[in-house]
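# Close look at the chain arrangement
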Amino acid sequence: MDDQALIRALQAGERAALRRTMEIYAGYTSAVLGNTLRGQASREDLEELLSDVFLSLWRSREGLDPDKSLKSWLAAVARNAARNRLRAGEGRGGRELPE
């Protein structure tokens, strides 16, 4: 199933599409989170953020554009979630991202 089909299935409320998206992109999204946090979060923090990213996808599914990359959308949401976590000081060490 390609991104367009996944997005259309997500928009139709198909939970199987969310599971499939997670199967396809969980590793990639975890890597984006890890790179953004640069070791400043525990494994539990990363797992929680990963869940938050896919929950955000589900909640935002109606506004997704089938002509855009799902991978890019997930990467942007993952980076923003990680940065917000660092700003809030919830990650291990509570440090800010370097400028």
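Residues numbered from 1 in each chain as written. Predicted model: local features only at pLDDT ≥ 70, side-chain atom pairs only at ≥ 80, totals over all residues. Heavy atoms only, no water.

### Overview of the nonpolar core
Side chains of a nonpolar character, in soluble globular proteins, are inclined to be buried together. Grouped together as the largest cluster of nonpolar side chains are 26 residues, with contacts concentrated most on Leu10, Leu57, Leu70 and Leu74. A per-element tally of this core places helix α4 (residues 70-88) first, with eight residues. The contacts of Leu70, once residues within four sequence positions are left out, are Asp3, Leu6, Ile7, Thr21, Tyr25, Leu57 and Leu64. (Core = buried A, V, L, I, M, F, W, Y, C linked by side-chain atoms within 4.5 Å. Buried < 20%, exposed > 50% of the residue type's maximum accessible area, 1.4 Å probe, protein only. Helix = DSSP H or I, 4+ residues; strand = E, 2+ residues; numbered from the N terminus. Contact = heavy atoms within 4.5 Å.)

### Some words on unusual backbone geometry
The phi angle of most residues is negative, glycine excepted, and most peptide bonds adopt the trans form. Backbone geometry places Arg38, a non-glycine residue, at a positive phi of 45 degrees. Position of Arg38 among the secondary structure elements: in the loop between α2 (15-37) and α3 (43-60).

### Quick look at the pattern of salt bridges
Under the defined criterion, the tally for this structure stands at four salt bridges. Arg20 is the partner of Glu23 in a salt bridge, and the nearest nitrogen-oxygen pair spans 3.2 Å. Taken together, the residues Glu23 and Arg20, both in helix α2 and three residues apart, mark about one turn of the helix. Between Glu48 and Arg85 there is a salt bridge, and its shortest N-O distance comes to 3.3 Å. (Salt bridge = Lys/Arg side-chain N within 4 Å of Asp/Glu carboxyl O.)

### Here's the deal with α4
The end-to-end C-alpha distance of α4, which contains 19 residues, comes to 27 Å, matching closely the 27 Å that a straight helix rising 1.5 Å per residue would cover. Among all positions in α4, only Leu70, Leu74, Ala75, Val77, Ala78, Ala81, Ala82, Arg85 and Leu86 are buried. Where α4 is buried, its residues contact α1 (3-11), α2 and α3. Measuring from the backbone nitrogen of Lys71 back to the side-chain oxygen at the start of α4 gives 3.3 Å, which picks out Ser69 as the cap. At the exit of α4 stands Gly89, carrying a positive phi of roughly 75 degrees. (Expected span 1.5 Å × (residues − 1). Polar contact = N/O pair within 3.5 Å; in protein donor to acceptor, adjacent residues only side chain to side chain.)

### Regarding the packing of α3 against α4
Taken N-terminus to C-terminus, the directions of α3 and α4 make an angle of 130 degrees; their axes are 10 Å apart at the nearest point. Comparing their axes, α4 and α3 come out oblique. Of the two possible hands of crossing, α3 and α4 adopt the one that is right-handed. Note on element contacts: α4 touches α3 through Leu70, Trp73, Leu74, Val77, Ala78, Ala81, Ala82 and Arg85, opposite Asp45, Glu48, Leu49, Asp52, Val53, Phe54, Ser56, Leu57 and Ser60. (Axes fitted to C-alpha atoms, helices over the stretch in contact; angles between N-to-C directions. Parallel < 35°, antiparallel > 145°, perpendicular 65-115°, else oblique. Left-handed = near helix turned anticlockwise from the far one by under 90°.)

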